[in-house]
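# Descriptive structure summary
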Amino acid sequence: MNEQKQTRLKRAGKLLILWGVLHLTLLLAVYPMISAINEGMQQIIEQPAQKQATEQVSARFRSIMQTAVTLVEICLWAYPVICLLTGVWILQTRHLTGCVVGAALVCVSVPLGTILGIWTLILLRDAEIRTLFDPQTSAQNLSDG
C-alpha cells in the first residue's frame, strides 16, 4: 500500500478528532447561554392564560417547543461525538461503514466541516484504503508488518 495514502488517512482521522474537540469546546462555552434561553422561553410559555382555548394552545405550543429544544440539544451534543468517533475509528481502521456515515455527517458544518468530510469520503472511497478496514486483510497486514 502507498505510504502517502496511509499518511493522509491518519491525518484525516486526527483532523476529525481535532474538529470534534473544537465543537465540543464551543458547545461547552455556549451551553450556559442555551440554557438561559431555554429557561426564558419556559417562563414566557408558562404565563397564566386567561381563556380555556388559550391554555390548550399554550399546552400544545409548550410541548412542541420542548420537543424542538430537546432535539436541538441532542444534535448539538451528538455532532462532536460523531466527529470524535469517526476520527478514532479511522485511526484504528475499524468500522468502515461508520466512518463513511460519520464523514458524511461532518459535512453538515459549512464550510470547513464540508471540506473535511468530503476529503475524508474521497479517502475512504479508495480501494487500497478500504482493504485496511477489512478484518482479514487488516490481520494479514499486521502479521506482515
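Let me sum up the structure you'll find in this document. (Residues numbered from 1 in each chain as written. Predicted model: local features only at pLDDT ≥ 70, side-chain atom pairs only at ≥ 80, totals over all residues. Heavy atoms only, no water.)

### Some words on the layout of surface pockets
When its volume is computed, the second largest pocket comes out at roughly 170 Å³. What lines the second largest pocket is simply H23, L26, L27, V30, I34, C75, L76, Y79 and P80. At the level of elements, α1 (3–45) and α2 (52–92) are the ones that each hand at least two residues to the lining of the second largest pocket. (1 Å grid on protein atoms, 1.4 Å probe; cavity = no way out; pocket = protein on both sides within 12 Å on 5 of 7 lines; lining within 4 Å. Points joined across faces, edges and corners; volume = space filled by probe spheres on them. Helix = DSSP H or I, 4+ residues; strand = E, 2+ residues; numbered from the N terminus.)

### Points about the pattern of salt bridges
If you walk through the whole model with that rule in mind, you get two salt bridges. Between K5 and D126 there is a salt bridge; the shortest N-O distance is 3.0 Å. Of this pair, K5 sits in helix α1 while D126 is found in the loop between α4 (112–125) and α5 (127–133), placing the two residues 121 residues apart along the sequence. The partner of K5 in a salt bridge is E128, and the shortest N-O contact between them spans 3.3 Å. With K5 in helix α1 and E128 in helix α5, this pair connects stretches of sequence that are 123 residues apart. Of the residues examined, E128 reaches a relative accessible area of 33% and is grouped as partly exposed. (Salt bridge = Lys/Arg side-chain N within 4 Å of Asp/Glu carboxyl O. Buried < 20%, exposed > 50% of the residue type's maximum accessible area, 1.4 Å probe, protein only.)

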